[in-house]
Amino acid sequence: MKKITLLLTCCFASLTFAQDISLESFATGLSSPVNIKHAGDDRLFAVERDGRIKVINADGSVNSTNFLDIDSRVTDFGGEQGLLAMAFHPNYTTNGFFYVNYINNSENTVISRFTRSSTGIADPNSEVVMLNVSQPFSNHNGGDMHFGPDGYLYISLGDGGSGGDPGNRAQSLNTLLGKMLRIDVDVTPEQITAGTTYLIPVDNPFVSTSSALDEIWSYGLRNTWKFSFDRTTGDLWTADVGQNQIEEINKVGASSTGGENYGWKCFEGNSTFQSSTACNTITHEAPVAQYTHSSTGGCSITGGYVYRGAIQTSLQGLYFFADFCSDDIGYVEETTPGNYDIAFIEDQSGLGFSAFGEDVNGELYVVSLFQGTVLKMIEDNLSVDEQSISAIKMYPNPAKNSLTFDVLNSSNQIEFVTIHDVQGKLVATHSSFEEQLITISTASLTSGIYIIEISNTQGDRSIRKLIIE
């Protein structure tokens, strides 16, 4: 295993673990972000759970004007409700169409199309409602959306909620709940006027089955909290949240004709969840990887992407995911054809990884729900100077009235030290250091957790967590 250094500006930080990457703060100041997508240019669009979408520019700055604000139409009591996802039409540059998935004021799932009114603003009055799916419970809303390599819109929906799928909805083909949907959104204005807001692809797997809904692409899903397509191979990766013990990752090749049954609620991962006559007759699409709650401390998987960018060469082909409960980040690697290994990067604290994102160049980002930040994944090839700053000792920790930095083993002098609270607010700055043993006062700090940023004269940084007693 290689080394991973997690550098989270204004977050919990400075931990060295398994793979050779860094997570660096890219954008801050968001409110409960749950999805990020790109629109074919160098911007990212952050979906906030309360019903707003923000534009993140290439330099990480966030536009003050919302791209879209439909807060008044969205139910967000926390948890799994709210504005959950968006997807840009493949021809967004010319037609300005994008699609959203949200829980409305009747607490049902709505899939809608909106239209851009200018480069950085959408028209909130342009909504065309395409699907309205009744939700029997407030949880398990799934909620991701992507256009596949085939140009069709794929939508994940959870099993309708409660626990143990009491309506057996995931296995039933006469409900959209517990499914992956596939629809054709390229309808004419005349068709929309006539009430047709989407079409059914002729090769959807159940179009000739009278007892099944035509929109269904695959089924047997509990709560797919994020999925993605591999931009190189076209393979579909889904992460399905488990019930009692198992979180699972599924992969289906680009040549799939659909119809896969992922097994819920007969199976949780590769283990039997419910024994019944009906369960004995299904063909179960087994996950390529899974992990248990007891072995990791996790309880809710957040799906990510296969890395296909050009910069982080050692990450090529790895599928990254996270666990919302444990703040673990992990990855799946295909070691030989059809064989997969799963590995974890050491857990963080207080971040709540709610989504991953991929920019136009294939670089990866991960989203912190609790901190309202977007963090960029970067390969961490430490230079001599960076190794030097990592050698600076900081003690005691926890501290009370003072904090000491020992730079005896560092080849570069500290230029300044800043202290932030966990919300990112700057509370103290210290600079102009000459000594190799530096002590600063912390007597004015109240008890709690703080973030220390150490910068040396070469411009290298080290981010560390400090506890004040």
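If you're wondering where the values come from, they're calculated on a predicted model, not measured in any experiment. (Residues numbered from 1 in each chain as written. Predicted model: local features only at pLDDT ≥ 70, side-chain atom pairs only at ≥ 80, totals over all residues. Heavy atoms only, no water.)

## So, the sheet that holds strand β30 (residues 402–406)
Link 1 in the chain: One open sheet accounts for three strands, arranged β29-β30-β33; its pairing is antiparallel. This sheet does not close on itself; its edge strands, each paired only once, are β29 (393–395) and β33 (437–441). The mean angle between the axes of side-by-side strands here comes to 20°, regardless of whether they run parallel or antiparallel.
Link 2 in the chain: Sheet topology places β29 next to β30; three bridges connect them, and they run antiparallel. Looking at the pairing, lysine 393 lines up with aspartate 406 of β30. (Pairing = 2+ DSSP bridges. Helix = DSSP H or I, 4+ residues; strand = E, 2+ residues; numbered from the N terminus. Axes fitted to C-alpha atoms, helices over the stretch in contact; angles between N-to-C directions.)

## What to know about empty space enclosed by the protein
The gaps left among the atoms become clear once a water-sized probe is rolled over them.
Link 1 in the chain: Scanning all chains against the criterion turns up two cavities of 30 Å³ or more.
Link 2 in the chain: In this structure, the largest cavity occupies an estimated 60 Å³ of space.
Link 3 in the chain: Lining the largest cavity are 14 residues, with Asp240, Glu248, Trp264, Phe267 and Glu268 positioned closest to its centre.
Link 4 in the chain: Contributing elements (two or more residues each) for the lining of the largest cavity: β18 (246–252) and β19 (267–268).
Link 5 in the chain: Residues belonging to the lining of the largest cavity are distributed by class as follows: five nonpolar, five polar and four charged.
Link 6 in the chain: Put simply, the second largest cavity is a space of about 30 Å³.
Link 7 in the chain: In this structure, the second largest cavity is lined by Tyr99, Arg113, Val128, Met130, Val185, Val187, Ile192 and Thr197. (1 Å grid on protein atoms, 1.4 Å probe; cavity = no way out; pocket = protein on both sides within 12 Å on 5 of 7 lines; lining within 4 Å. Points joined across faces, edges and corners; volume = space filled by probe spheres on them. Nonpolar A, V, L, I, M, F, W, Y, C, P; charged D, E, K, R; others polar.)

## Overview of the pattern of salt bridges
Link 1 in the chain: For the structure on display, the rule yields 15 salt bridges.
Link 2 in the chain: Arginine 182 is the salt-bridge partner of aspartate 203, the closest N and O atoms lying 2.9 Å from each other. Taken together, the residues aspartate 203 in the loop between α2 (189–193) and β15 (216–219) and arginine 182 in strand β14 (residues 179–183) connect sequence positions 21 residues apart.
Link 3 in the chain: Given a relative accessible area of 3%, arginine 182 falls into the buried group.
Link 4 in the chain: Two residues, aspartate 230 and arginine 308, come together in a salt bridge whose shortest N-O distance is 2.8 Å. Residue aspartate 230 is found in the loop between β16 (224–229) and β17 (236–240), and its partner arginine 308 is found in the loop between β22 (301–302) and β23 (319–323); the two are separated by 78 residues along the sequence.
Link 5 in the chain: The class of arginine 308 is partly exposed, set by a relative accessible area of 23%.
Link 6 in the chain: The structure contains a network of salt bridges with shared partners spanning Asp50, Arg52, Asp69 and Asp71. (Salt bridge = Lys/Arg side-chain N within 4 Å of Asp/Glu carboxyl O. Buried < 20%, exposed > 50% of the residue type's maximum accessible area, 1.4 Å probe, protein only.)

## Description of the layout of surface pockets
Link 1 in the chain: Taken as a whole, the largest pocket holds about 580 Å³ of empty space.
Link 2 in the chain: If you go around the largest pocket, you meet 24 residues; those closest to its centre are His38, Phe88, His146, Phe147 and Glu358.
Link 3 in the chain: Of all elements in the fold, only β4 (33–37), β8 (83–88), α1 (92–95) and β12 (145–147) reach the threshold of two or more residues within the lining of the largest pocket.
Link 4 in the chain: A class-by-class count of the residues in the lining of the largest pocket yields 13 nonpolar, seven polar and four charged.

## Some details on the confidence of the model for the protein
Link 1 in the chain: In the predicted model, the protein carries a mean pLDDT of 89, and the fraction of residues at 70 or more is 91%.
Link 2 in the chain: Per-residue pLDDT stays below 50 along residues 1–18; that stretch engages in 81 contacts with residues further than four places along the chain or on separate chains. (pLDDT = per-residue confidence, 0-100. Contact = heavy atoms within 4.5 Å.)

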